[in-house]
Amino acid sequence: MSNPFRYQGPVDPTYLIDRRSELDGLQRAAANRVAIRLAAPRRFGKTSVLDAHAATMREAGHRAVRVDFSQVGSLADAAARVTSAFSALPADPRRAVGRWATRLGVSVAGISVSPAPRPVQADEARHALLELLDLPRTLYEADAGLTVVCLDEFQDLLVADDALDGLVRSVIQHHGDAAAYVYAGSQPSLMRSLFADRERPFYGQARPLELGGLPADEAGHDIEALMVDAGIDPGPAVDEVVALGAGHPQRTMLLAHHLFELLHADQRGDDPAREALDRALDETQDVHQGVWDGSSRLERLVLLALAEGRAPTGDRLAAEHRVARSSLHDALNRIADDGQHVERTPRAGPRLVDPLLGAWLLRRPR
Ligand SMILES: Nc1ncnc2c1ncn2[C@@H]1O[C@H](COP(=O)(O)OP(=O)(O)OP(=O)(O)O)[C@@H](O)[C@H]1O
Ligand SMILES: [Mg+2]
């Protein structure tokens, strides 16, 4: 019996916990041709949601693709990503995908070429992007059908070329009824600057959609059901790992994965949830060490305070470490604006995005 809890890469829509309201929102927006921006921290399930959305739209008879721009390095690379994603579309009237696949050295169904026959210049790559991104309009002119285009890790386009958002906008602004766009990104601060900075082409061009944590009751219910399906009676350990995961989708799955391994091997022990946490921390300690090493002294104080459940900018912490409260405030604002490790919640104030970072911080020898 293989472990049903995947914690790397997007999950199949059938294993998706919750996300119903987000998927409904995406569908309604597509029907109205309203563009959506979906920003969430790393590993919160953006790609999984995009894939589920695309699958639903295809089932409803529309065309849908997801373009993965993660760590795209150059204009040619961006064009290649669009080529390979758009190759999943039905035959395009102008055969742009096939032509550009050959030229850019992208292997797509039916065409296997790599690397590119000669180096691709920026101008040519720009031309490729303009032509390829316009494909939804060409298809619409042929059959009046909708194409849903999900641009994953959209902010990475700017790393390849600071003006790429302008180029993309120049094509897709003419798409009207032909296409519905979703822009997803895992760097909240970059996504904000792309869509909320008046100077940028996408300013005000997409409605934000929040992808928050997983609700504990649904996560617990679904995880337990999968355990029971595998003939395991997990007892209270499921609720315990769900609590340890604190709504973080990937961390919850990582903990559930290790819990499954333990219970499946009949190594329940006294406290299987605790043992699953130990294993998850072993597996992720490099990441936490990296966060720690990359933080300033003040940022470390803030992170530790959040892990301990203390006020990160309070008088007591400031006095204890002989620092000004304003300096703690600045440090907190810096990491919360960045959005990678600390998120601002409307009710509970700032909190650590990754519950395992919190657990790791508490275990650090002082
Ligand atoms: N709704 C969900 N139900 C169950 N597991 C989920 C869900 N969302 C995310 N996950 C877990 O998180 C992992 C990462 O999901 P996914 O790749 O979709 O996230 P992402 O935000 O696109 O990540 P990245 O920032 O690395 O691109 C999955 O392997 C799965 O374990
Ligand atoms: Mg992703």
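Up top is the structure.
Just so it is clear, the structure is predicted and the values come from calculations on it, not from any experiment. (Residues numbered from 1 in each chain as written. Chains lettered and ligands numbered in written order. Predicted model: local features only at pLDDT ≥ 70, side-chain atom pairs only at ≥ 80, totals over all residues. Heavy atoms only, no water.)

Novice: Would you mind going over unusual backbone geometry in detail, with residue names and values included?
Specialist: In most cases, non-glycine residues show a negative phi, while peptide bonds are predominantly trans. One non-glycine residue with positive phi stands out, namely Ala144, at about 60°. Tracing the sequence through the fold places Ala144 in the loop between helix 6 (135-143) and strand 3 (147-152). On the basis of relative accessible area, Ala144 is assigned to the exposed category, the value being 55%. Here the phi dihedral of Asp266 falls at roughly 60°; this positive angle occurs in a residue that is not glycine. (Helix = DSSP H or I, 4+ residues; strand = E, 2+ residues; numbered from the N terminus. Buried < 20%, exposed > 50% of the residue type's maximum accessible area, 1.4 Å probe, protein only.)

Novice: Residues and numbers for the sheet that holds strand 2 (residues 63-68), please.
Specialist: In sheet architecture, strand pairing relies on hydrogen bonds along the backbone and comes in two forms, parallel and antiparallel. The strand order 2-3-4-1-5 describes an open sheet built from five strands, whose pairing is parallel. Each edge of the open sheet carries a strand with a single partner, namely strand 2 and strand 5 (207-210). The sheet shows a mean angle of 20° between the axes of neighbouring strands, taken without regard to direction. Inspection of the sheet shows strand 1 (residues 36-39) paired to strand 5 by four bridges, in the parallel sense. Pairing of Arg37 across the sheet is with Pro208, part of strand 5. (Pairing = 2+ DSSP bridges. Axes fitted to C-alpha atoms, helices over the stretch in contact; angles between N-to-C directions.)

Novice: Help me get a handle on the environment of Asp286, residues and values and all.
Specialist: The residue Asp286 is located in helix 13 (residues 272-293) in this model. Separated by 17 residues in sequence, Asp286 and Gly269 have C-alpha atoms that sit 27 Å apart.

Novice: Describe in detail the site of ligand 1, supporting the description with residues and values.
Specialist: If you check the shell around ligand 1, you find 22 residues, and the closest are Arg6, Gly9, Arg42, Lys46 and Ser48. In the model, an oxygen atom of ligand 1 is placed 3.3 Å from a nitrogen or oxygen of the Gln8 main chain. Gly9 places a polar main-chain atom, nitrogen or oxygen, 2.5 Å from an oxygen atom of ligand 1. Compared with its free state, where it exposes 640 Å², ligand 1 has 93% of that area covered by protein. Those elements giving two or more residues to the shell around ligand 1 turn out to be helix 2 (46-59) and helix 12 (249-264). For the shell around ligand 1, the per-class residue count stands at ten nonpolar, six polar and six charged. Both domain 1 (19-210) and domain 2 (216-363) contribute no fewer than three residues apiece to the shell around ligand 1. (Near = heavy atom within 4 Å. Polar contact = N/O pair within 3.5 Å; in protein donor to acceptor, adjacent residues only side chain to side chain. Areas by Shrake-Rupley, 256 points an atom, 1.4 Å probe, with all protein chains shown as cover. Nonpolar A, V, L, I, M, F, W, Y, C, P; charged D, E, K, R; others polar. Domains from an automatic or database assignment.)

Novice: Let's hear about helix 17 (residues 355-363): which residues, and what values?
Specialist: Counted residue by residue, helix 17 has seven buried out of nine residues, so it is predominantly covered. For helix 17, the set of buried residues is Pro355, Leu356, Leu357, Gly358, Ala359, Trp360 and Leu361. By the N-cap criterion, in which a side-chain oxygen at the helix start approaches the backbone nitrogen of a residue two or three places on, helix 17 is capped by Asp354, the distance to Leu356 being 2.7 Å.

Novice: Mind laying out a negative patch on the surface, listing which residues take part and the relevant values?
Specialist: A cluster of like negative charges, contributed by Glu224, Asp233, Asp239, Glu240, Asp270 and Asp271, occupies part of the molecular surface. For Glu224, a relative accessible area of 35% corresponds to the partly exposed category. (Patch = residues over 30% accessible without salt bridge, like charges linked within 9 Å, V, L, I, M, F, W, Y side chains within 5 Å. Salt bridge = Lys/Arg side-chain N within 4 Å of Asp/Glu carboxyl O. Lys, Arg positive; Asp, Glu negative; His and termini not counted. Charge placed at Lys NZ, Arg CZ, Asp CG, Glu CD.)

Novice: A description of the nonpolar core should follow, citing residues and the corresponding values.
Specialist: One finds Ile223, Met227, Leu259, Val342, Leu352 and Leu361 to be the most contacted residues of the largest nonpolar core, which totals 50 residues. Looking at this core, the elements that each hand over two or more residues are helix 10 (216-229), helix 11 (237-245), helix 12, helix 13, helix 14 (297-308), helix 15 (315-320), helix 16 (325-338) and helix 17. For this core, the element with the highest residue contribution is helix 12, accounting for eight residues. Excluding residues within four positions of it along the chain, Leu352 makes contact with Leu303, Leu306, Ala307, His341, Val342, Glu343, Leu357, Gly358 and Leu361. If you look at the next biggest cluster of nonpolar residues, it comprises 46 residues, including Val65, Val106, Leu151 and Met191. (Core = buried A, V, L, I, M, F, W, Y, C linked by side-chain atoms within 4.5 Å. Contact = heavy atoms within 4.5 Å.)

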